[in-house]
Amino acid sequence: MAEDVKPRVRVPKTAAAGETIVIKTLINHVMESGQRKDSSGNPIPRQIINRFTCEFNGQMVLDVTLEPAISTNPYFEFEAVVPESGEFKFTWYDDDGSVYETTEAITVG
Amino acid sequence: MNLTRRGTFALGAGFAALTLLPATGARAAVEDSIAAFTGGAEVADGAGITLTTPEIAENGNTVPVSVAAPGAVSIMILATGNPNPDVGIFTFGPLAASQAASTRIRLAGTQDVVAIAKMADGSFVRAVNTVKVTIGGCGG
């Protein structure tokens, strides 16, 4: 597991039913592309996050397949509809099998 | 060394083959990625997809890109000049408010960035933007 992986997500706390909200996510991760070489000329093995998903109450909002061309600390900004109060679940899948998760609750008032 | 007319032509053809080979190799990788995504279907240019990229990126390590294609099921982004042209595939679920997303990508050098959207009716549309990169982002 890569060290110091900390997901950060920005979701509004409240919304109106059916409102469109903007979600921003960032996770710190080296996203080692596998193309670089270390000081002695040996290739550095690839280690990236290869998949990111965002779900709301079990329904898919966005599913991204990542390749090494995504920058260090992958950042995503997208929009979601909120039909009811509930929880956004964000999941990142690492090449080494680790899964990083975070959830964010939203209240429809 | 005696250069005959025939010899000169042969040399020229050899050089042309050498310089063209790497370019066709990279193009083949792009074509393969597109074919894998579209399943060989025809890709239309223009309408229905918007790709937003900076005209000049100072740092190729983190180039902000946004893509929007109303009515799309999924969108693939390709960097045609990278060692591995795939960048990512965005698949939108039922709760996505708009078929749009922004992220940051790596570009090895000045090149075309391609976005292809798969629409709900199974058709494909493409947008291409050229990005000038001052410092490449793939290490060495």
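Residues numbered from 1 in each chain as written. Chains lettered and ligands numbered in written order. Predicted model: local features only at pLDDT ≥ 70, side-chain atom pairs only at ≥ 80, totals over all residues. Heavy atoms only, no water.

### A closer look at the overall build of chain B
Secondary structure summary: chain B contains 1 helix and 9 strands in total. Starting at the N terminus, the α and β elements of chain B follow one another as α-β-β-β-β-β-β-β-β-β. Sorting the 140 residues of chain B into buried and exposed places 39% on the buried side. (Helix = DSSP H or I, 4+ residues; strand = E, 2+ residues; numbered from the N terminus. Buried < 20%, exposed > 50% of the residue type's maximum accessible area, 1.4 Å probe, protein only.)

### Quick notes on the confidence of the model for chain B
As a note on interpretation, predicted positions should not be read in detail where pLDDT is low. On average, residues of chain B carry a pLDDT of 85, and 82% of them reach 70 or more. Model confidence for the complex is summarised by a pTM of 0.83, with the ipTM given as 0.89. (pLDDT = per-residue confidence, 0-100.)

### Re the environment of Val128(B)
Residues and elements named next belong to chain B. Mapped onto the elements of the fold, Val-128 is located in strand 9 (residues 124-135). On the basis of relative accessibility, which here comes to 43%, the residue Val-128 falls in the partly exposed class. As a C-alpha pair, Val-128 and Thr-110 span 18 residues in sequence and 13 Å in three-dimensional space. Setting aside its immediate chain neighbours within four residues, Val-128 contacts Asp-112, Val-113 and Val-114. (Contact = heavy atoms within 4.5 Å.)

### Side note on unusual backbone geometry
All names here are of chain A. A positive phi angle, close to 50°, is found at Met-31, a residue other than glycine. By relative accessible area, Met-31 is classed as buried at 0%. One non-glycine residue, Asn-57, lies in the positive phi region at around 45°. Note that Asn-57 resides in the loop between strand 4 (49-56) and strand 5 (59-66).

### Some remarks on the pairing of strand 8 (residues 111-119) of chain B
All names here are of chain B. Buried residues dominate strand 8, accounting for 7 of its 9 residues. For strand 5 (residues 72-79) and strand 8, the ladder comprises 7 bridges, and the chain directions are antiparallel. The partner of Ile-75 across the bridge, within strand 8, is Ala-117. In this structure, strand 8 lies alongside strand 9, joined through 8 bridges in antiparallel fashion. Of the residues in strand 9, the one forming a bridge with Lys-118 is Phe-124. (Pairing = 2+ DSSP bridges.)

### Structural notes on the packing of aromatic side chains
By the definition in use, this model includes 8 aromatic pairs over all chains. For the ring pair Phe88(A) and Phe90(A), a centre distance of 6.2 Å and an interplane angle of 25° mean the geometry is stacked. For the pair formed by Phe88(A) and Phe90(A), the shared burial category is buried. Geometry around Tyr75(A) places Arg104(B) over its ring, the cationic atom sitting 4.2 Å from the centre. (Phe/Tyr/Trp six-rings, centres within 6.5 Å; stacked < 30°, edge-to-face > 60°. Lys NZ or Arg CZ within 6 Å of the ring centre and 35° of its normal.)

### Remarks on the sheet that holds strand 1 (residues 7-10) of chain A
Taken in spatial order, the 6 strands of this open sheet run 1(A)-3(A)-6(A)-7(B)-4(B)-2(B), and their pairing is antiparallel. Bordering the open sheet on either side are strand 1 of chain A together with strand 2 (50-52) of chain B, each of which pairs with just one other strand. For this sheet the average axis-to-axis angle between neighbouring strands, irrespective of direction, equals 20°. Across 4 bridges, strand 6 (residues 75-82) of chain A lies against strand 7 (residues 96-105) of chain B in antiparallel orientation. The partner of Glu77(A) across the bridge, within strand 7 of chain B, is Ser102(B). (Axes fitted to C-alpha atoms, helices over the stretch in contact; angles between N-to-C directions.)

### What about the interface of chain A and chain B?
With 31 residues of chain A at the interface, the matching set in chain B holds 29 residues. Of the roughly 2,400 Å² buried where chain A meets chain B, counting both sides, 52% is carbon and sulfur surface. Area buried by chain A at its contact with chain B is led by Ala69(A), Ser71(A) and Tyr75(A), which between them contribute 22% of it. At the boundary of chain A and chain B, one finds 0 salt bridges. Linking chain A with chain B are 18 residue pairs in polar contact (both at pLDDT 80 or more). Residue assignment for the side of chain A that touches chain B shows that the elements contributing at least two residues are strand 3 (19-27), strand 5 and strand 6 of chain A. The biggest single contributor to the side of chain A that touches chain B is strand 5 of chain A, with 8 residues. Its residues assigned to classes, the side of chain A that touches chain B comprises 18 nonpolar, 7 polar and 6 charged. (Buried area = accessible area lost by both parts, 1.4 Å probe. Salt bridge = Lys/Arg side-chain N within 4 Å of Asp/Glu carboxyl O. Polar contact = N/O pair within 3.5 Å; in protein donor to acceptor, adjacent residues only side chain to side chain. Nonpolar A, V, L, I, M, F, W, Y, C, P; charged D, E, K, R; others polar.)

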